[in-house]
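Structure assessment
Here's the letter readout for the chains.
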Amino acid sequence: EDQVTQSPEALRLQEGESSSLNCSYTVSGLRGLFWYRQDPGKGPEFLFTLYSAGEEKEKERLKATLTKKESFLHITAPKPEDSATYLCAVPTSGGYNKLIFGAGTRLAVHP
Amino acid sequence: GAGVSQSPRYKVAKRGQDVALRCDPISGHVSLFWYQQALGQGPEFLTYFQNEAQLDKSGLPSDRFFAERPEGSVSTLKIQRTQQEDSAVYLCASSLGGMKETQYFGPGTRLLVL
């Protein structure tokens, strides 16, 4: 069964304290892994797509990496405005882009 | 508009009422998805359209849920005889339609059934 698990469920950081969020997945034939950011009361906002093991993508203080079984979202020197829930998702093995999401990691960055 | 829009943003319904939720996808996007998000959880797939064709409705929780996209653009998710367990955020997403295309989400409709 296709599955996505994120950890930790919640993370509290001090401003400037770097850390990583984990997304582990089980799917037949990975066709991409998507990272989204979701602020309270809003829809998920697209961050990155990774397609193959070893691939990395960066955007400001965020860097996403991918292995054959998991992805990491590294946050370097976070700021309070990075506080949000971070979701990862993979397309199911059944075809097209029906996404399976993890439950998310709620990140709080305090000044 | 530049993004996906949804209306209403908030809906309060009495148990047993019918509701209709609207999604306006990004112009030119072929694929349209509906997801349901419970509090503290990730979105869960409900249904998928390619143009006006509903190709997958495997995630719809019951026959009280119905979705349509008659002209291949705007979509409506209808819930008949709402129940308390239908309370959730309903998200719409659209994409260009290819296998690897990114889905862009709207702000969601928060439904509360009393």
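To keep things clear, this report deals only with the structure shown in the data block. What you see as residue numbers is a count from 1 along each chain, following the sequence as written. Note on labels: chains are lettered from A, ligands numbered from 1, in written order. Only residues with pLDDT of 70 or above have their local features reported here, since the model is predicted, and side-chain atom pairs are shown and tallied only from 80 upward, although totals for entire chains, interfaces and linings are computed over all residues. Side-chain descriptors were evaluated using all non-hydrogen atoms of the structure, hydrogens and water having been removed beforehand.

The next point concerns the environment of Gln54(B). All names here are of chain B. Put simply, DSSP marks the helices as runs of H or I at least four residues long and the strands as runs of E at least two long, and each gets a number from the N terminus on. Turning to its location among the elements, Gln 54 is positioned in strand 6 (residues 53-56). Sequence separation between Gln 54 and Gly 72 is 18 residues, and the spatial gap between their C-alpha atoms is 10.0 Å. The criterion used for residue contact is that any of the two residues' heavy atoms lie within 4.5 Å. Not counting chain neighbours up to four residues away, the residues in contact with Gln 54 comprise Thr 47, Tyr 48, Phe 49, Leu 60 and Ala 67. There is a polar contact of 2.7 Å between the side chain of Gln 54 and the side chain of Thr 47. Polar contacts, as used here, are pairs of N or O atoms within 3.5 Å; protein pairs need one atom able to donate a hydrogen and one able to accept it. Residues neighboring in sequence count only if both atoms are side-chain atoms.

Residue and element names in this part refer to chain B. Pairs of strands are assigned from DSSP output, requiring at least two bridges between the strands. With antiparallel pairing, 4 strands are arranged side by side in an open sheet as 1-3-8-7. Looking along the sheet, the strands with just one partner apiece sit at the ends: strand 1 (5-7) and strand 7 (65-68). When strand polarity is set aside, the average angle formed by the axes of neighbouring strands in this sheet is 15°. In the sheet, strand 7 pairs with strand 8 (residues 75-79) via 4 bridges, with the strands oriented antiparallel. Looking at the pairing, Ala 67 lines up with Leu 77 of strand 8. Working convention: axes come from line fits to C-alpha atoms, limited for helices to the stretch in contact. Angles between N-to-C directions cover 0 to 180 degrees.

All names here are of chain B. By secondary structure assignment, the location of Arg 64 is in the loop between strand 6 and strand 7. By relative accessible area, Arg 64 is classed as buried at 11%. If we ignore the near neighbours within four places in the chain, the residues touching Arg 64 are Lys 78, Ile 79, Gln 80, Arg 81, Thr 82, Gln 83 and Asp 86. Throughout this description, buried means an accessible area under 20% of the type-specific maximum (1.4 Å probe, protein chains only), exposed means over 50%, and partly exposed covers the range between.

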